[in-house]
Amino acid sequence: MGDDDTIFFTENLVTVLAKYDHNEMYYIGGNSESMEQNVAHTYDMAYGGGGFAISYPLVAALVKILDGCINRYAALFGSDHKVQACISEIGVQLTKELGFHQTDIRGNLYGLLAAHPMAPLVSLHHLDAVNPLFFDMTQVESLKKLVSTYKMDPGRTLQKSVCYDLIRNWTISVSWGYNVELYRSLQMPNELQMPFKTFKTWRGNDDPFTFNTRLVSLNPCERPLVFYLDRIEDVGLGEWTQSSYKIYEDVLFKKFNCSVPGVKVQYINVTASYFKPELWKKAWKSLVFPTIKLTNLLSLFLKAGLAICTFFIISLFFYLSLSLYSHNYHHSPSLHLHHFTISHSSSTFENNEPTNISHIVFGIGGSTKTWQNRRHYTELWWQPNVTRGFMWLELPILAKEMWPETLPLYKVSGNTTSFKYTHMSGLRYEIRLARILKETFQLGLENVRWFVMGDDDTIFFTENLVTVLAKYDHNEMYYIGGNSESMEQNVAHTYDMAYGGGGFAISYPLGAALVKILDGCINRYAALFGSDHKVQACISEIGVQLTKELGFHQTDIRGNLYGLLAAHPMAPLVSLHHLDAVNPLFFDMTQVESLKKLVSTYKMDPGRTLQKSVCYDLIRNWTISVSWGYNVELYRSLQMPNELQMPFKTFKTWRGNDDPFTFNTRLVSLNPCERPLVFYLDRIEDVGLGEWTQSSYKIYEDVLFKKFNCSVPGVKVQYINVTASYFKPELWKKVNLFNYFVPLICV
């Protein structure tokens, strides 16, 4: 589906859709770029102008309910929101693909196109609301030029590559088929991944967006020289293209006479092999591209002393006096600064058994100052002689202290006094935490597929962690985790990293590559605050991007976690963090007692824990919403599924503000009789010889909401019993169609 002002890049669309099984139910698209739009409408929908795809089986189910459903959602603004709400009734969630662009921004699209995400360009929209993509052209002429270039090499269009000239200290950033930026200084890859903020939100505000941006420098000599596509041609019998980019002296940035070499560069030529669509199947999109043989270029490389990367040749043409000089750059794709050859022992990677807990090694960041007070968190999930890993401390524990057998063995981190740390408000121990991966890797443990990092106040739900990691090929480079729940944290740090308290997983091949560069890289990123940000920045130099999994919870919120736990995303619960900053999960209990209760319930049925199911009583017009293993909400009215998916806003952001978050929330009604009655888990037992559980939920009259005498039937309900079949981990492979596979009875 799309609008009449949507441009689809059809070959890339086919590449994206071919990843999915069309015999299953899929709903694929992208969010708005403007946070305000996602908050006003929903993060759960594919925005229609950017286009969305629906598989045939889902359409077949949708058309049966669509007309009546549209009437049920008469209050929703857009057709795309109505369609999403109807799809939510079927139980299918959005699968997000970064190449669908709603383009909910105004102004100059330069920043976004010059730092396109690492994904095939699928669509563009709202192009009447932005400046022409190429200068000295109308928008129609610009789009014809972009589409013509795209047809030469669809998969490579707008993909970013970077090369460095270490003699001149230049950085050259290529957005293939669009432009080249020449920086007269060395720029870090994690900075180049961020778009310049050359645009405003859809409603005309400066921010926020759903990605990080960087400001255009007030110092003109710190701004890049910008070269726009001039022409492109095939130069290698269907194997190579050469694109030429011409400087535009007064396009994005005004022309200044900066006393820095390089201002007279007029053209940059980029030679590249054609992009093969199957390369998108590599999650990390790196280390798989052919390396150009240097042959006649070798002497030029050695004489010029230029940085040797992989994959592209870039030539710069200077006009100095009457002479013409050309320089060739052997260039790397997608911000890849290093070429790694990873070798493994045969025992590690030729074993085809499914991933299990023995294949995971944990690296836990601890401290001699905190381990005693926080040990209860780790003891909740650590299984001696089952889980593998270590807690890393800055010093040995005192001789009089006994290290408990209920914790991982501890090790003492290496000395980090020689490392640089320049963040004004941060603490140097972040360096030590950033090196835990390296120190754990260097222990040389056998049969390791994944390294999982966390804090000493992180609770891991290990069976669900195994379920998540088993989806991925551990022989490839993967970096898996989740963002912060508080948007302010993602803006202050980055959307591109897995937040360390929520935990993150690194596959063995990525770990092997990372440890080779980590120490030097930590010094390069001395100005970054956290260990997790430093690790992400170093991973970005290898060219690996974050794979987000919704079950990793940094828990960057304060107050009552009820809202989030009662509307957990449709994903296995993998971790919780920052539990000292929130109220006890269960009332009339301490936090430790609450967590013991949650973990005990989780052990009964890991995959079902916190998963939402909804029952309707059409006689009484009741809605019963179950967050399995935690609570049940009884609404004395019929509630729409898309509303129930949104957490009540019972918490504040990490910095104590009311919003925004990275998900939609709903306010607690001012009318007490519109609020649900809340029942919390009382007990759980097996009732079906390993096939069924029965969980009982008891009303708490004065827990989240105060008790009111509402003249509505149902106020005397004291218990709700839920009978459910055990959840089979393989059902997560059907996560796009969750509700069809979760038998559950509300009584």
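About the criteria used
Residues numbered from 1 in each chain as written. Predicted model: local features only at pLDDT ≥ 70, side-chain atom pairs only at ≥ 80, totals over all residues. Heavy atoms only, no water. Helix = DSSP H or I, 4+ residues; strand = E, 2+ residues; numbered from the N terminus. Buried < 20%, exposed > 50% of the residue type's maximum accessible area, 1.4 Å probe, protein only. Contact = heavy atoms within 4.5 Å. Areas by Shrake-Rupley, 256 points an atom, 1.4 Å probe, with all protein chains shown as cover. Salt bridge = Lys/Arg side-chain N within 4 Å of Asp/Glu carboxyl O. Pairing = 2+ DSSP bridges. Axes fitted to C-alpha atoms, helices over the stretch in contact; angles between N-to-C directions. Disulfide = S-S within 2.5 Å. Parallel < 35°, antiparallel > 145°, perpendicular 65-115°, else oblique. Nonpolar A, V, L, I, M, F, W, Y, C, P; charged D, E, K, R; others polar. Phe/Tyr/Trp six-rings, centres within 6.5 Å; stacked < 30°, edge-to-face > 60°. Lys NZ or Arg CZ within 6 Å of the ring centre and 35° of its normal. pLDDT = per-residue confidence, 0-100. Expected span 1.5 Å × (residues − 1). Bend = angle between axes of the 7 residues up to and from the residue. Polar contact = N/O pair within 3.5 Å; in protein donor to acceptor, adjacent residues only side chain to side chain. Core = buried A, V, L, I, M, F, W, Y, C linked by side-chain atoms within 4.5 Å. Left-handed = near helix turned anticlockwise from the far one by under 90°.

Undergrad: Which parts of the structure should I look at to understand the overall build of the chain?
TA: Counting its secondary structure elements, the chain contains 19 helices and 33 strands. Counting only residues that meet the buried cut, the chain has 59% of its 747 residues in that class. Residue pairs at least 24 apart in sequence account for 67% of intrachain contacts in the chain once pairs closer than 6 positions are excluded. Here the chain displays about 31600 Å² of accessible surface, and carbon together with sulfur accounts for 54% of that area.

Undergrad: How should I be thinking about the pattern of salt bridges in this particular structure?
TA: Note on pairing: side chains with opposite charge can pair once their charged atoms come close. For the structure on display, the rule yields 20 salt bridges. The closest approach of N and O atoms between E97 and K19, which form a salt bridge, is 2.7 Å. Residue E97 is located in the loop between strand 4 (95-96) and strand 5 (105-107), and its partner K19 is located in the loop between helix 1 (10-17) and strand 2 (27-29); the two are separated by 78 residues in the primary sequence. Residue K19 is classed as partly exposed on the basis of its relative accessible area of 48%. Three or more residues are tied together by salt bridges with common partners; here these are R435, K438, E439 and D519.

Undergrad: So what exactly am I meant to see when it comes to the pairing of strand 26 (residues 612-617) here?
TA: Working note: regular strand, side chains alternate between the two faces of the sheet. Here six bridges tie strand 26 to strand 27 (residues 622-627), and the two strands are oriented antiparallel to one another. When the sheet's bridge partners are listed, S613 is paired in strand 27 with V626. A loop of four residues connects strand 26 with strand 27, the two strands running antiparallel in sequence, and N621 in this loop sits at a positive phi of about 60°.

Undergrad: Sorry, what's going on with the sheet that holds strand 23 (residues 547-548) here?
TA: Strand order across the open sheet formed by seven strands is 18-17-16-19-22-21-23, with mixed pairing between neighbours. The open sheet is flanked by strand 18 (409-412) and strand 23, the only strands paired with a single partner. The pairing of strand 16 (residues 360-365) with strand 17 (residues 388-393) spans five bridges and is parallel. Note on strand 17: the bridge partner recorded for G363 is F390. Packing of helix 13 (residues 462-469) onto the sheet brings it into contact with strand 16, strand 19 (450-455), strand 21 (479-481) and strand 22 (504-507), and relative to strand 16 it is tilted by some 120°.

Undergrad: When you look at the sheet that holds strand 4 in this model, what are you seeing that I'm missing?
TA: The strands that make up a sheet pair up through hydrogen bonds in the backbone, lying either parallel or antiparallel. Sheet architecture is open: three strands sit in the order 3-2-4, paired in mixed fashion. The open sheet terminates on both sides in strands that have one partner only, identified here as strand 3 (53-54) and strand 4. Summarising the sheet, strand 2 and strand 4 pair through two bridges and their orientation is parallel. Each bridged residue has a counterpart across the sheet, and for I28 the counterpart in strand 4 is T95.

Undergrad: Help me understand the state of the cysteines in this model?
TA: Each disulfide is one covalent bond, formed between the sulfur atoms of two cysteines. Summed over the entire model, instances satisfying the criterion amount to two disulfides. Each sulfur in the disulfide pair C521 and C538 lies 2.1 Å from the other. Every disulfide takes its handedness from the sign of the S-S torsion; for C521 and C538 that torsion is -115°, giving left-handed. You can see C521 sitting in helix 15 (residues 508-524) and its partner C538 sitting in helix 16 (residues 531-542), a full 17 residues away along the chain.

Undergrad: I'm lost on the packing of helix 10 (residues 371-381) against helix 18 (residues 591-604) in this one. Help?
TA: How two helices pack is summed up by the angle between their axes together with the distance between the axes. Contact geometry of helix 10 with helix 18 gives a least axis separation of 10 Å together with a crossing angle of 10°. Between helix 10 and helix 18, the angle falls in the class roughly parallel. Counted together, H376, Y377 and L380 of helix 10 and V592, L595, K596, V599 and K603 of helix 18 form the full contact between these two elements. Residues of the contact of helix 10 with helix 18, tallied by class, amount to five nonpolar, one polar and two charged.

Undergrad: I tried to follow helix 10 on my own but got confused; where do I start?
TA: Residues three or four positions apart in an α-helix share a direction because the helix packs 3.6 residues into each turn. Along helix 10, the residues that are buried comprise W371, Y377, T378, L380 and W381. In this structure, the buried residues of helix 10 make contact with strand 16, strand 17, strand 20 (459-460), helix 13 and helix 18.

Undergrad: It is not clear to me how the packing of aromatic side chains should be interpreted in this structure. Could you clarify?
TA: Geometry of an aromatic ring pair is reported as the spacing of the ring centres plus the angle between the planes. Scanning the model with the defined rule gives 39 aromatic pairs in all. Through a chain of ring-to-ring contacts, the aromatic side chains of Y110, F134, F135, Y178, F196, Y228 and Y248 assemble into a single cluster. Sitting above the plane of the W202 ring, R106 keeps its charged end 3.8 Å from the centroid.

Undergrad: Please explain the environment of P195 as it appears in this structure.
TA: Along the chain, P195 falls in the loop between helix 7 (189-192) and strand 10 (199-201). Leaving out residues up to four positions away in the same chain, P195 has contacts with G111, L112, A115, F211, N212, T213 and R214.

Undergrad: I would appreciate a short explanation of the confidence of the model for the chain in the present structure.
TA: Any region with low pLDDT has predicted coordinates that should not be read closely. Chain-level pLDDT for the chain is 87 on average; 85% of the residues reach the 70-or-more range. This stretch, residues 250-254, has a pLDDT under 50; its non-local contacts, to residues over four places away or in other chains, come to 14 contacts.

Undergrad: Please explain helix 15 as it appears in this structure.
TA: Taking 1.5 Å of rise per residue, 17 residues should cover 24 Å, and helix 15 covers 24 Å from first to last C-alpha, within 8% of that figure. A maximum bend of about 60° is found in helix 15 at L518. In terms of burial, helix 15 is a largely internal element, twelve of the 17 residues being buried. Among the residues of helix 15, those classed as buried are Y508, P509, L510, G511, A512, A513, L514, V515, I517, L518, C521 and I522.

Undergrad: I'm lost on unusual backbone geometry in this one. Help?
TA: Most peptide bonds are trans, and most residues other than glycine sit at a negative phi. Following D207, the chain continues into P208 via a peptide bond in cis, with omega recorded as 5°. Secondary-structure assignment places P208 in the loop between strand 10 and strand 11 (225-234). With an omega of 5°, the peptide bond running from D659 to P660 counts as cis. Here P660 is to be found in the loop between strand 29 (651-653) and strand 30 (677-686). A positive phi angle, close to 60°, is found at N447, a residue other than glycine. Along the polypeptide, N447 turns up in the loop between helix 12 (436-441) and strand 19. Among the residues examined, N447 registers a relative accessible area of 22% and is labelled partly exposed. You will see that N621, though not glycine, has its phi angle at about 60°, which is positive.

Undergrad: What's the story with the environment of H578 in this structure? I'm lost.
TA: Positionally, H578 belongs in the loop between strand 25 (575-576) and helix 18. For H578, a relative accessible area of 15% gives the class buried. Sequence-wise, H578 and R558 are 20 residues apart; in three dimensions their C-alpha atoms are separated by 8.8 Å. For H578, the contacting residues outside a window of four places in its chain are D457, Q554, T555, D556 and W654. At 3.4 Å, the side chain of H578 forms a polar contact with the backbone oxygen of T555.

Undergrad: Hey, could you run me through the nonpolar core in this one?
TA: Taken as a class, soluble globular proteins show a tendency for nonpolar side chains to be buried jointly. Ranked by size, the top nonpolar core spans 71 residues in total, and within it I360, F362, Y630 and F679 carry the most contacts. For this core, the leading source of residues is strand 30, giving five residues. Core analysis: the second largest hydrophobic core is formed by 45 residues, F9, Y110, L112 and Y248 among them.

Undergrad: Looking at this model, I keep getting lost on the packing of helix 3 (residues 56-72) against helix 4 (residues 79-90). Mind explaining?
TA: With their axes 9 Å apart at the nearest point, helix 3 and helix 4 run at an angle of 120° to one another. Every pair of crossing elements has a handedness; the one defined by helix 3 and helix 4 is right-handed. For the pair helix 3 and helix 4, contact is made by L58, A61, L62, I65, L66, C69, I70 and R72 and by K82, V83, C86, I87, E89 and I90, respectively.

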